[in-house]
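Coordinates in review
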Amino acid sequence: MDVLGSLGTHLACAPRGRDAELRGVALHDPAENTPAAAGDVLLGLGTPSVAAAARLVSSTAASAVVLHGRPPLDERVVAAAKKSGAAVLLVDPSVPWSQLANVTQTLVNGGTRTGDLFGLADVIAGVVGGPVTIEDQQSRVLAYSYRQEDVDPVRVQTILGRRVPEEARRALDEFGVFTHLASSDEPIFVPKLTPQLGNRLVAAVRAGRELLGSVWVEVTGPVDPARSAALVDGARTAALHLLRSRASTDLERQAEADLVIRLLEHPESADVARLGLPSADLRVIAVQAHAGEGEHGAAVLAFQRATAGFGWSRPGRSALFGNVLYTVIPAADDAVAWVRSLVRELPAEAEVVAGIGGPAEAAQLPTSRQEADECLALSTGVPVVYDDAWAQVLLHRLAAVADAGRLPTRGPISNILRYDAEYGTQYATTLRAWLAAQGDVRAAAKELNVHPNTLRYRMQKMAEVTPLPLDDPDQRLAMAIALRVTR
């Protein structure tokens with residue numbers, strides 16, 4: 001359901017709940033009346049009426065029945081589902097049965113990638129007559145044709161960087177290409193918009209009403225109707241590939257996330273080699289993303305982008321735990337650059353904070369995760385790295401101790417804080433500055449923007465409020481920490 005939901009699928013009823021193991025896919029054929037087995041997903045072709053749908057659901061042994069339609073589900077079908085125990089899924093009628101069959105087959109039977117987008121790009125290039133790229137909704141390259149001779153500079157940058165350069169994307173947007181793709185399946189001819197960007201013929205790749213991506217052919221000029229029709233056929237085939245690829249990718253993401261969570265929580269039972277990571281010199285990155293009013297939308301998008309990778313490589317392995325994205329990455333890779341690459345993949349309005357744990361062996365990753373979490377709590381937009389921020393992490397831990405009421409409630413600092421609260425003095429601020437300046441009265445006075453004599457007077461009055469053993473280094477350290485964590 002998590003995958004099919006993006007195709008406009010609604011779980012109308014599930015008498016036995018969602019926790020059902022699926023083992024096969026069956027197609028309803030009224031002419032043959034072939035029964036579906038327990039554990040099957042039955043695609044309800046040939047059910048032109050509510051009565052026909054109710055009869056099919058009532059008599060089936062399948063675990064789930066997929067029907068074309070929109071909620072709410074008719075009460076006759078609900079009663080039939082309660083009788084047979086089958087879950088009923090309603091899918092938008094605009095989604096073809098062929099696409100549903102492909103995606104469902106992939107989900108139920110293991111999620112292996114079938115079909116070759118690169119091979120399809122070659123076929124389209126041969127029929128339409130020009131170098132081809134197949135791209136997703138974010139203009140990232142998913143595949144390209146083998147022959148790319150004499151292409152323009154934008155095509156070269158697109159393939160090498162795995163996405164359309166920003167300047168070219170703006171020119172295409174201003175021409176109205178993306179608006180056209182969002183609403184039409186007809187190819188659009190794009191003339192030479194910039195010296196670097198040549199002619200293009202573009203067609204949308206769509207599943208039902210959902211835009212999955214686009215196919216781009218570099219051409220010398222407008223093409224005849226036959227070649228345009230061939231591009232449309234190629235785009236329809238690409239939709240099947242992308243749907244199956246999405247289903248496979250979602251299953252792979254879940255498997256990867258399970259392994260990453262196990263590695264972060266119980267590394268002794270996890271197989272780091274299955275993630276393609278080394279057993280040493282790793283670190284954990286913790287990321288939170290927020291955009292708009294949705295609580296988890298940006299976090300889910302960040303997880304999808306992280307598992308898709310940036311460019312043609314993907315050094316990290318990721319899991320979404322609650323609303324925090326955790327990524328395990330080799331310590332040799334630039335973790336800050338990885339976070340910046342992720343931010344570039346997210347909507348401009350997304351607010352991203354990140355913490356980066358210290359280097360660790362696989363068995364120490366829970367520690368690196370804790371450090372990443374603590375650095376995340378300190379982040380205000382710029383990634384915080386434990387290697388540079390361990391002192392702030394230590395003070396943050398001590399501040400948590402203070403918040404829990406576990407610091408001493410009596411002593412010189414407690415006495416000064418109470419005196420300040422009662423009489424409006426600034427003794428705590430003065431002592432903090434004096435300790436930070438290591439007893440240098442002029443430096444502390446400059447920090448406070450007061451005269452040195454004013455600072456000396458305050459220090460004298462403080463000594464009347466409470467004993468201040470400033471000659472004892474342990475006492476000075478304890479007072480500095482207490483002032484810092486209760487700030």
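Residues numbered from 1 in each chain as written. Predicted model: local features only at pLDDT ≥ 70, side-chain atom pairs only at ≥ 80, totals over all residues. Heavy atoms only, no water.

The protein chain is annotated in an unreviewed UniProt entry as DNA-binding transcriptional regulator, PucR family from Lentzea albida.

**Side note on the side chain of Ser-145**
Following the sequence through the fold, Ser-145 ends up in the loop between β7 (141-144) and α5 (153-161). For Ser-145, a relative accessible area of 0% gives the class buried. Here Val-132 takes part through its backbone nitrogen, which lies 2.9 Å from a polar atom of the side chain of Ser-145. (Helix = DSSP H or I, 4+ residues; strand = E, 2+ residues; numbered from the N terminus. Buried < 20%, exposed > 50% of the residue type's maximum accessible area, 1.4 Å probe, protein only. Polar contact = N/O pair within 3.5 Å; in protein donor to acceptor, adjacent residues only side chain to side chain.)

**Notes on helix α2 (residues 75-84)**
Those residues of α2 that fall on the buried side of the exposure criterion are Val-77, Val-78, Ala-80, Ala-81 and Ser-84. All buried residues of α2 lie within an arc of 160° about the axis, which places them on one face of the element. Residues of α2 that are exposed and point more than 90 degrees away from the buried face comprise Glu-75, Arg-76, Lys-82 and Lys-83. The elements touched by buried residues of α2 are β1 (9-13), α1 (50-59), β4 (64-68) and β5 (87-91). For α2, the N-terminal cap is Asp-74; the gap from its side-chain oxygen to the backbone nitrogen of Arg-76 is 2.8 Å. Phi turns positive, to about 85°, at Gly-85, one or two residues after α2. (Arc of directions from axis to C-beta. Contact = heavy atoms within 4.5 Å.)

**Concerning the packing of helix α13 (residues 412-423) against helix α14 (residues 427-436)**
For the pair α13 and α14, the least separation of the axes is 8 Å and the interaxial angle reads 135°. The angle between α13 and α14 places the two elements in the oblique class. Within the contact between the two elements, α13 uses Ile-413, Ile-416, Leu-417, Tyr-419 and Asp-420 and α14 uses Tyr-427, Ala-428 and Leu-431. Residues that form the contact of α13 with α14 fall into these classes: 7 nonpolar, no polar and 1 charged. (Axes fitted to C-alpha atoms, helices over the stretch in contact; angles between N-to-C directions. Parallel < 35°, antiparallel > 145°, perpendicular 65-115°, else oblique. Nonpolar A, V, L, I, M, F, W, Y, C, P; charged D, E, K, R; others polar.)

**Focus on the packing of aromatic side chains**
Across all of its chains, the model carries 4 aromatic pairs by this definition. Each ring, one from Phe-118 and one from Tyr-144, has its centre 5.4 Å from the other, and the planes form 80°; the classification is edge-to-face. You can see Phe-118 sitting in helix α4 (residues 117-129) and its partner Tyr-144 sitting in strand β7, a full 26 residues away along the chain. By relative accessible area, which is 32% here, Phe-118 ends up partly exposed. Three or more aromatic residues link up through ring pairs in this structure, and these residues are Tyr-419, Tyr-423 and Tyr-427. The ring of Phe-321 carries the charged tip of Arg-369 above its face, separated from the ring centre by 5.2 Å. Here Arg-369 stacks its cationic end above the ring of Tyr-326, 4.6 Å away from the centre of that ring. (Phe/Tyr/Trp six-rings, centres within 6.5 Å; stacked < 30°, edge-to-face > 60°. Lys NZ or Arg CZ within 6 Å of the ring centre and 35° of its normal.)

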